[in-house]
Amino acid sequence: MRGISKRRVVITGIGAVTPLANSAEESWQAVCQGKSGVARITRFDPTGFKTQIAAEIKNFHPENFLDKKKIRRTDQFIHYALAATHMALDNSGLNINDSNASRVGIVIGSCVGGMATYEKNLFALRDKGPRAISPFFITAFIPNMAAGEVSMLFGAKGPSKCVVTACATGNHCLGDAFRLIQYGEADAMIAGGSEAYILPTGIAGLGRIGAISRRNDAPEKASRPFDKDRDGFVLGEGAGIVILEEMESAIRRRANIYAEIAGYGSNIDGFHITAPDWESQAKCMNLALHDAGISPADLDYINAHGTSTTLNDLSETKAIKAVLGEHSRKVPVSSTKSMTGHLLAAAGVIEAIFIALTIKDGIIPPTINYDTPDPECDLDYVPNLARKADVNTALSNAFGFGGANATLAFRRFKQ
């Protein structure tokens, strides 16, 4: 906005629950090693489903973070969000107290909220009648209750919202939190996304529109972004939370700074409910670069939306070429969804965490299962093996059903 001095925003804390591990750092190590979190579904019996694979959370124990009453009264997507917030706040060292609570906000999104709770109560209503409905049904189901529970548990009382923009949700959550700090409405934000949708309705519904892979005989090979033989994404679950802070506040308390969020772009296709529009995606990327003051020629890395669907990967490739021109041949582009699966609302946040760690550690994560190049997807997708590199600037793309687009720009922090 003309005439308004924008404050700088940095990442000081990270927390995650992913199909690879139950912490951000362990998930990062697994990604750098090219490990897959995809396997046959155990959450329910998938026999008879055309897709029988997913990227499930493993060995997660909510009692490590929550008391038994809270666990009983809340949905799993809330459990994941609270656990990731615990880890992110611990990692950042940010202390929320009476003196700063009104300046610490929350933006946590979810595409479907507590759908497991919804299904359970729907069946109870059908089989036993209205009195079988839990008194905690609504408060466990609605998507904004992840943010509500985080506020109640940790004491943040600043600006709060729940974003729902399909697969772009995570990036929109971070972008909106970034803006709130930039323009002075908050000094710190708990921002992220959480999802727990590996359910019969999720697998069946996504299967009916042909969005998810049917590579049941080799689950770990199913998510293969940009590969010629890709046949759809793999549904995942989990949560990612980052602590964003105004730079001067973070410096004053000597916080560990992972990276700076430098720019944010957001738009919508107005094209099709599921099919992407590469021109709108390119405009979104340009918006983020312009906002950050980063020249396309100075970009070092892109963590792609990279879902492993035929149309999305092709569209994103075209968008990258349109934005970067000849430089697109030199910029590494990788999709960590090849390992985590697609975590819906949590996807963009997990990928932002991976970008922050890419900048910190000098390692670009690979796109695994890239075995057969697609002539129409012909960029450097960092195939199969992580790569050491100095990364000073990076983009993260997220594109969702309904044409929602969101791109974040990151840079190495320099005071």
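Structural data are supplied above this passage.
Caption draft 1: Broad picture of the sheet that holds strand β8 (residues 259-268). Here we have 10 strands laid out as an open sheet, ordered β5-β4-β6-β7-β1-β8-β14-β13-β9-β10, and mixed in their pairing. The two strands at the open ends of the sheet, each matched to only one other strand, are β5 (160-161) and β10 (333-334). Pairing of strand β9 (residues 301-303) with β10 involves 2 bridges; the strand directions are parallel. When the sheet's bridge partners are listed, Asn 303 is paired in β10 with Ser 334. The strands touched by helix α3 (residues 76-92) are β1 (9-17), β4 (104-109), β6 (188-195) and β7 (238-246); relative to β1, the strand with the most contacts, the crossing angle is about 135 degrees.

Caption draft 2: Broad picture of the environment of Thr 340. With respect to the helices and strands, Thr 340 occurs in helix α12 (residues 337-340). Along the primary structure Thr 340 and Leu 235 are separated by 105 residues, whereas in three dimensions their C-alpha atoms are 9.0 Å apart. Beyond its immediate stretch of four places on either side in the chain, Thr 340 contacts Pro 19, Leu 20, Ala 55, Gly 236 and Phe 354.

Caption draft 3: Spotlight on helix α13 (residues 347-361). The first and last C-alpha atoms of α13 sit 21 Å apart over 15 residues, in line with the 21 Å expected at 1.5 Å per residue. Within α13, 13 of the 15 residues are buried, which leaves it mostly tucked inside the rest of the structure. At the C-terminal side of α13, Gly 362 shows a positive phi close to 70 degrees.

Caption draft 4: Here's a closer look at the nonpolar core. With 52 residues, the main nonpolar core has Ile 11, Ile 14, Met 189, Val 242, Leu 244 and Phe 410 as its most contacted residues. Of the residues forming this core, the biggest block, 10 residues, is contributed by α13. When sequence neighbours within four positions are dropped, the list of residues in contact with Val 242 reads Ile 11, Gly 13, Ile 14, Leu 174, Met 189, Ile 190, Ala 191, Val 349 and Ile 353. Grouped together as the second largest cluster of nonpolar side chains are 33 residues, Val 17, Met 145, Phe 154 and Ile 190 included.

Caption draft 5: Region of interest: the side chain of Ser 280. Looking at where Ser 280 falls in the secondary structure, it is placed in helix α10 (residues 278-292). Ser 280 sits in the buried class, given a relative accessible area of 8%.

Caption draft 6: Examining a positive patch on the surface more closely. Taken together, the side chains of Lys 68, Lys 69, Arg 72 and Arg 73 define a basic patch exposed on the protein surface. Inspection of the secondary structure assignment puts Arg 72 in helix α2 (residues 68-73).

Caption draft 7: Here's a closer look at a nonpolar patch on the surface. There is a patch of nonpolar side chains on the surface, built from Tyr 118, Leu 122, Phe 123 and Leu 125 and spanning about 340 Å² of accessible area. Mapped onto the elements, Tyr 118 comes out in helix α4 (residues 115-128).

Caption draft 8: Quick peek at the pattern of salt bridges. Counted according to the given criterion, the structure contains 19 salt bridges. Across the pair Lys 6 and Asp 291 runs a salt bridge whose closest N-O atoms are separated by 3.2 Å. With Lys 6 in the segment before β1 and Asp 291 in helix α10, this pair connects stretches of sequence that are 285 residues apart. Asp 127 serves as the salt-bridge partner of Arg 126, at 2.8 Å between the closest nitrogen and oxygen. Overall, the relative accessible area of 60% leaves Arg 126 in the exposed class. Each of Lys 6, Arg 179 and Asp 291 takes part in one network of salt bridges that share partners.

Rules used throughout
- Residues numbered from 1 in each chain as written.
- Predicted model: local features only at pLDDT ≥ 70, side-chain atom pairs only at ≥ 80, totals over all residues.
- Heavy atoms only, no water.
- Pairing = 2+ DSSP bridges.
- Helix = DSSP H or I, 4+ residues; strand = E, 2+ residues; numbered from the N terminus.
- Contact = heavy atoms within 4.5 Å.
- Axes fitted to C-alpha atoms, helices over the stretch in contact; angles between N-to-C directions.
- Expected span 1.5 Å × (residues − 1).
- Buried < 20%, exposed > 50% of the residue type's maximum accessible area, 1.4 Å probe, protein only.
- Core = buried A, V, L, I, M, F, W, Y, C linked by side-chain atoms within 4.5 Å.
- Patch = residues over 30% accessible without salt bridge, like charges linked within 9 Å, V, L, I, M, F, W, Y side chains within 5 Å.
- Areas by Shrake-Rupley, 256 points an atom, 1.4 Å probe, with all protein chains shown as cover.
- Salt bridge = Lys/Arg side-chain N within 4 Å of Asp/Glu carboxyl O.
- Lys, Arg positive; Asp, Glu negative; His and termini not counted.
- Charge placed at Lys NZ, Arg CZ, Asp CG, Glu CD.

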